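Chain residues, written in single-letter form:
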Amino acid sequence: MTGTSERGQLRPGLWQTVNERYPGSMITKDDLVPLAPLSRPLSESRLTFVSTAGVQPKGTLPFDTVHPIGDYTFRRVPSGSRPSDLEIHQLKYPTDGAHRDLNVIFPIERLQELRDEGVVGELAPSFFSFIGYNMDPDLLEHTLAEDLAQAVEDEQAHLALLSPA
Amino acid sequence: MPAYRRGVSLPHLKAALAAGDTATLIRYVRLHVGDGDEDAGRKEIDKAWVQALTVLMEMPAVDREFVHETLQTKDPATLAHLFFSLHFALVRASGEWIHDGDV
C-alpha cells in the first residue's frame, strides 16, 4: 500500500476535481435549521459524537465502500470502546495517521478523558459513524440523516459533536 | 451547459443516463475508482483486467459451478455490486493499492 503520508496529505489536483466529481455538491440550502442553544452547562450535558470517518466496531458489517452511489447506513460505536475494538472502512481519506492513533480522526479517548475530568457531564451510550461518500442527496438527507438524528435523540444526548473525516 | 451538469451527484448521473451521455457515466466510474483522478481511474480499470487475466493465464482450477450459479441466480443489482467489488479485490490482489483507505 502506498501511504498517502509519503505523497503529502492532499492529492495533487484534488480540489480541482471536487466540482467535477460532485457536480453541484456545494450545497446551498435556504431551510437550514439553526443551531440549538445548549440547554444546560457542558459539565451537566450528555454528549454524543457523530463522524463521517467510517469507524466501526470490529466484527460489524464493513461499510460499503465500493458502491458507486454510497452507503446510507450508520454504525453505533459504544462510547466506552477502546481504539483496539474499532476499525476503519473507507476509501476516500488518508488513514495512515488514524491507524497509528485512531483519536486523530475519531477522538474517542479524548472524549472519555473529558468525561472523566468532568468537562463533559457524561457520554451517550453510543457514538455514531458513517462514510461520507454518498451521492444521493435524498437518501443522505431523508434516510441517513433522519435515522441518525432519531438514534441520537433516542439516547437523549443533549449535544452532538459533529466531525467530517 | 445542460441542466444536469448543475445538479447534485445522483441526479446528475440520472440525467446523463437519460440523455444517453455515457461519456459522463464512464467518467464518473473512473473518478470513483481513481479517487477523484480520472487518469488514475482509467489505469485502475486496466490494472484490474490485467490482474484477472494474469490469474487465469496458467489455467488454474476454477469453481465454475459457483460462477454459473451466481450469474444465474443473483439479481442484477447484486451482480453489479459484485462487479465493483471484484474490481477492488483484483486491484488489491495486484499489489498496487493507490487508495488512501481500505474496503
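Please read these numbers as outputs of a predicted model, since none were measured by experiment. (Residues numbered from 1 in each chain as written. Chains lettered and ligands numbered in written order. Predicted model: local features only at pLDDT ≥ 70, side-chain atom pairs only at ≥ 80, totals over all residues.)

Outline the packing of helix 3 (residues 38–56) of chain B against helix 5 (residues 76–94) of chain B, supporting the account with residue identities and numerical values.
Residues and elements named next belong to chain B. The interhelical angle for the contact between helix 3 and helix 5, taken along N-to-C directions, is 75°, at an axis separation of 8 Å. Judged by the angle between their axes, helix 3 and helix 5 are roughly perpendicular. Residues Glu44, Lys47, Ala48, Gln51 and Ala52 of helix 3 touch helix 5, and the partners they reach there are His87, Leu90, Val91, Ala93 and Ser94. (Axes fitted to C-alpha atoms, helices over the stretch in contact; angles between N-to-C directions. Helix = DSSP H or I, 4+ residues; strand = E, 2+ residues; numbered from the N terminus. Parallel < 35°, antiparallel > 145°, perpendicular 65-115°, else oblique. Contact = placed C-beta atoms within 7 Å.)

Can you break down the pairing of strand 1 (residues 46–51) of chain A residue by residue, with the values?
All names here are of chain A. Of all 6 residues in strand 1, 5 are buried; the element is thus mostly enclosed. Bridge count between strand 1 and strand 5 (residues 122–123): 2 bridges; the pairing is parallel. Counted as the bridge partner of Leu47 is Leu123 from strand 5. Taken together, the 5 bridges between strand 1 and strand 7 (residues 159–163) define a ladder with parallel strand orientation. From the neighbouring strand, Thr48 faces strand 7, where its bridge partner is Ala160. (Buried ≥ 20, exposed ≤ 12 C-beta atoms within 10 Å, placed from the backbone. Pairing = 2+ DSSP bridges.)

Let's hear about the domain arrangement of chain B: which residues, and what values?
When its domains are assigned, chain B resolves into domain 1 (1–33) and domain 2 (42–96). Computed over C-alpha atoms only, the centres of domain 1 of chain B and domain 2 of chain B are separated by 25 Å. (Domains from an automatic or database assignment.)

Residues and numbers for the environment of Glu69 of chain B, please.
Position of Glu69 of chain B among the secondary structure elements: in helix 4 (residues 64–73). Residue Glu69 of chain B is classed as exposed on the basis of its C-beta count, with 11 C-beta atoms lying within 10 Å.

Give a detailed account of the packing of helix 1 (residues 9–18) of chain B against helix 2 (residues 22–33) of chain B, specifying residues and quantitative values.
Residue and element names in this part refer to chain B. Helix 2 packs onto helix 1 with a crossing angle of 140° between their chain directions and a minimal axis gap of 7 Å. Here helix 1 lies oblique to helix 2, going by the angle between them. Across from Leu13, Ala16 and Leu17 in helix 1, the residues of helix 2 making contact are Thr24, Leu25 and Tyr28. A class-by-class count of the residues in the contact of helix 1 with helix 2 yields 5 nonpolar, 1 polar and no charged. (Nonpolar A, V, L, I, M, F, W, Y, C, P; charged D, E, K, R; others polar.)

Mind laying out the environment of Ile69 of chain A, listing which residues take part and the relevant values?
Among the structural elements, Ile69 of chain A can be located in the loop between strand 2 (55–57) and strand 3 (75–78). A C-alpha to C-alpha distance of 22 Å links Ile69 of chain A and Ala149 of chain A, two positions 80 residues apart in sequence. When residues no more than four places from it in sequence are discounted, the contact partners of Ile69 of chain A are Met135 and Asp136 of chain A together with Leu10 of chain B.

An account of the confidence of the model for chain B is needed here, citing residue identities and associated values.
Residue and element names in this part refer to chain B. Residues of chain B with pLDDT of at least 70 account for 92%, and the chain-wide mean is 89. Counting contacts from residues 1–7, a segment whose pLDDT is below 50, to residues more than four positions away or on other chains yields 14 contacts. Overall fold confidence (pTM) sits at 0.84, and the ipTM for the predicted complex is 0.86. (pLDDT = per-residue confidence, 0-100.)

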